[in-house]
Structures are given as C-alpha cells and as structure tokens.
Amino acid sequence: GESVGLHLPTLSVQEGDNSIINCAYSNSASDYFIWYKQESGKGPQFIIDIRSNMDKRQGQRVTVLLNKTVKHLSLQIAATQPGDSAVYFCAERKAGNTGKLIFGQGTTLQVKP
Amino acid sequence: GAGVSQSPSNKVTEKGKDVELRCDPISGHTALYWYRQSLGQGLEFLIYFQGNSAPDKSGLPSDRFSAERTGGSVSTLTIQRTQQEDSAVYLCASSPRGTGNSPLHFGNGTRLTVT
C-alpha cells in the first residue's frame, strides 16, 4: 500500500542547534508534499509545502528539501527553539488524486534548553 | 479569521452507543476532510467532500461510519454502535479547494473515548 515513513521516531536537539527531520515516501506519483507540526492537544499546523517541480523551498527558519530520485523529503529548522518541540508529520498527495493527503507516523522533536 | 471548529472537544460514550461529531470548516473552503488519529499514531484518512461532488469514502473503516455535509458547509461524522477500537481523536480539515496544491487547515479535533 501507500505509505509515508519517517526515519526516526524521536529527535532530541539542543536549543539553538539546527534540526533535520527526514521522511521517505513510497509513491513516485506524488506531486505535492507538506510538513505539519502538531502540539499536544491540538490539530496539525501547516508549516511549509513543496511541489514536485521544486527541490528546495524556504520559509521563516524552515527549509524543505525534496529529492525525487530517492523519494526523500526533509525539514530543516534553523536555530531550534523550545517552542519547536512537537510532533512533525510529512504528508503527500498523489497527482490527480481527490486531494486527500497521506500522512506518515510522525517524528517527535525534543528541544533541550 | 476563525479557523476550523470541532465539537465536542471531548466525548465519552459507552460501547454500542451512537455518536455524532461536528465540524465547521473555514468559511469559503469548498473541500472538507475527516481524519482519525489513534494515540501516538499518524493521521488516517476517512472521508473527503469537495463541493457538490460525490464524497470520497474510501477511508471509512466500516459501514458503522458515515458522514454528511449539509449546504456545502457544516459536516457531521456519525459512528453507530461504537466499539472500543473507535477510541481516537477525530480531526476535521478544510481547504480552499480539494485538487491542486493547497494545504489542509485542521481543527483541534474531538477526542472520542469508548468505554
């Protein structure tokens, strides 16, 4: 079946360091990818997205990299802050699909002060 | 502006009872989604509504689950004869359009506990 997986379930980083969260996807027909952040008791919050015709996209303190050759997606967070502690999900959408997103299992980011 | 609103935020029900979960999407969003999230897990797609098109029900786990969207706005997810394995957080999301590249905007979910 279709799946989006994350390499590590938990990532622990020191405050101020950069964080890299990785994601592998299995469907080469996917053409749109999104990263979400989910804090305890809340719904997922959109962080950044990228289309398959791009390799890199930058936001405020975040960068998403897409490597279609190896079907790999990563989220880089610069100067990680305590408020970045959360679960991060990657999600993909198949080209021409109804619009539904397929989510991975999530990576927990812990920021140590 | 207001985000996606879900009610109730928490629901405890006895096994075998029916429950209804409500979602108010962002005004003007034509696409509406329901997902389920079990403890410590990712999001599992349930159903998707886009405008007046027939909904994509491919993710509904059994015929005990159904959803409707009235007037292209508010949606209700109904679970009949609830089972303990139905316990999860049910998340609703909306987007300006379903196809194309637009992110989903999620509510904070309804935590359902079946005892």
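S.K.: Explain the overall build of chain A here, please?
M.R.: Across its full length, chain A holds zero helices and 11 strands. Along chain A, helices and strands appear, N-terminal first, in the series β-β-β-β-β-β-β-β-β-β-β. A total of 113 residues make up chain A; the buried ones form 44% of that total. Once local pairs closer than 6 in sequence are excluded, the contacts in chain A between residues at least 24 apart make up 54%. Surface accessibility of chain A: about 5400 Å² in total, with carbon and sulfur atoms responsible for 46%.

S.K.: Got a minute to help me understand the layout of surface pockets in this structure?
M.R.: Where empty space is left becomes clear once a probe the size of a water molecule has been rolled over the atoms. The volume enclosed by the largest pocket comes to roughly 540 Å³. Taken together, 28 residues make up the lining of the largest pocket; nearest its centre are Gln38 and Gly41 of chain A together with Gln37, Val89 and Arg111 of chain B. Elements with a minimum of two residues in the lining of the largest pocket: strand S9 (86–94) of chain A together with strand S8 (88–95) and strand S10 (110–114) of chain B. Looking at the lining of the largest pocket, its residues break down into eight nonpolar, 17 polar and three charged. Roughly 200 Å³ of internal volume is contained in the second largest pocket. Among the elements that line the lining of the second largest pocket, the one with the most residues is strand S5 (residues 45–51) of chain A, at three residues.

S.K.: Is there a simple way to explain the pairing of S9 of chain A in this structure?
M.R.: The two faces of a sheet get side chains in turn, since along a regular strand they alternate between them. Residue and element names in this part refer to chain A. Where burial is concerned, most of S9 is hidden: seven out of the nine residues are buried. Where strand S4 (residues 30–38) and S9 come together, eight bridges link them in antiparallel fashion. Residue pairing in the sheet places tryptophan 35 in a bridge with cysteine 90 of S9. As paired elements, S9 and strand S11 (residues 107–112) share three bridges and run antiparallel to each other. Paired with valine 87 across the two strands is threonine 108, which belongs to S11.

S.K.: I keep staring at the state of the cysteines and nothing clicks. Help me out?
M.R.: Chemically, a disulfide is nothing more than a covalent bond linking the sulfur atoms of two cysteines. Inspection of the entire model under this criterion finds two disulfides over all chains. Put simply, cysteine 23 of chain A and cysteine 90 of chain A are joined by a disulfide, and their sulfur atoms are 1.8 Å apart. Given an S-S torsion of about 50°, the disulfide between cysteine 23 of chain A and cysteine 90 of chain A has right-handed geometry. Separated by 67 residues along the polypeptide, cysteine 23 of chain A in strand S3 (residues 19–25) and cysteine 90 of chain A in strand S9 bring together distant segments of the chain. Relative accessible area serves as the criterion here: at 1%, cysteine 23 of chain A is assigned to the buried category. A relative accessible area of 0% places cysteine 90 of chain A in the buried class. With its sulfur 1.9 Å from that of its partner, cysteine 23 of chain B forms a disulfide with cysteine 92 of chain B.

S.K.: Is there a simple way to think about the interface of chain A and chain B in this case?
M.R.: It is common to give the size of an interface as the accessible area lost on bringing the parts into contact. Counting residues at the interface gives 21 residues for chain A and 21 residues for chain B. Together, the buried faces of chain A and chain B total about 1700 Å²; carbon and sulfur atoms form 50% of this surface. For the interface between chain A and chain B, the tally reads zero salt bridges. Contributions of two or more residues to the side of chain A that touches chain B are made by S4, S5 and S9 of chain A. For the side of chain A that touches chain B, the element with the most residues is S4 of chain A, which contributes four residues. Taken together, the residues of the side of chain A that touches chain B break down into eight nonpolar, eight polar and five charged.

S.K.: Sorry, what's going on with the side chain of serine 95 of chain B here?
M.R.: All names here are of chain B. Along the chain, serine 95 falls in strand S8. Of the residues examined, serine 95 reaches a relative accessible area of 0% and is grouped as buried. Once you skip the residues sitting within four places of it in the chain, serine 95 turns out to touch His29, Thr30, Ala31, Tyr33, Ser102, Pro103 and Leu104.

S.K.: Looking at this structure, I do not really get unusual backbone geometry. What am I missing?
M.R.: For residues that are not glycine, phi is negative in most cases, and the peptide bond is trans in most cases. The omega torsion of the bond from serine 7 of chain B to proline 8 of chain B falls at -10°, within 30 degrees of zero and hence cis. In this structure, proline 8 of chain B sits in the loop between strand S1 (5–7) and strand S2 (10–13). The backbone phi angle of lysine 71 of chain A is positive, close to 50°, even though this residue is not glycine. Topologically, lysine 71 of chain A is positioned in the loop between strand S7 (62–67) and strand S8 (72–77). Look at alanine 79 of chain A: it is not a glycine, yet its phi comes out positive at around 45°. Among the residues examined, alanine 79 of chain A registers a relative accessible area of 35% and is labelled partly exposed.

Thresholds applied
- Residues numbered from 1 in each chain as written.
- Chains lettered and ligands numbered in written order.
- Predicted model: local features only at pLDDT ≥ 70, side-chain atom pairs only at ≥ 80, totals over all residues.
- Heavy atoms only, no water.
- Helix = DSSP H or I, 4+ residues; strand = E, 2+ residues; numbered from the N terminus.
- Buried < 20%, exposed > 50% of the residue type's maximum accessible area, 1.4 Å probe, protein only.
- Contact = heavy atoms within 4.5 Å.
- Areas by Shrake-Rupley, 256 points an atom, 1.4 Å probe, with all protein chains shown as cover.
- 1 Å grid on protein atoms, 1.4 Å probe; cavity = no way out; pocket = protein on both sides within 12 Å on 5 of 7 lines; lining within 4 Å.
- Points joined across faces, edges and corners; volume = space filled by probe spheres on them.
- Nonpolar A, V, L, I, M, F, W, Y, C, P; charged D, E, K, R; others polar.
- Pairing = 2+ DSSP bridges.
- Disulfide = S-S within 2.5 Å.
- Buried area = accessible area lost by both parts, 1.4 Å probe.
- Salt bridge = Lys/Arg side-chain N within 4 Å of Asp/Glu carboxyl O.

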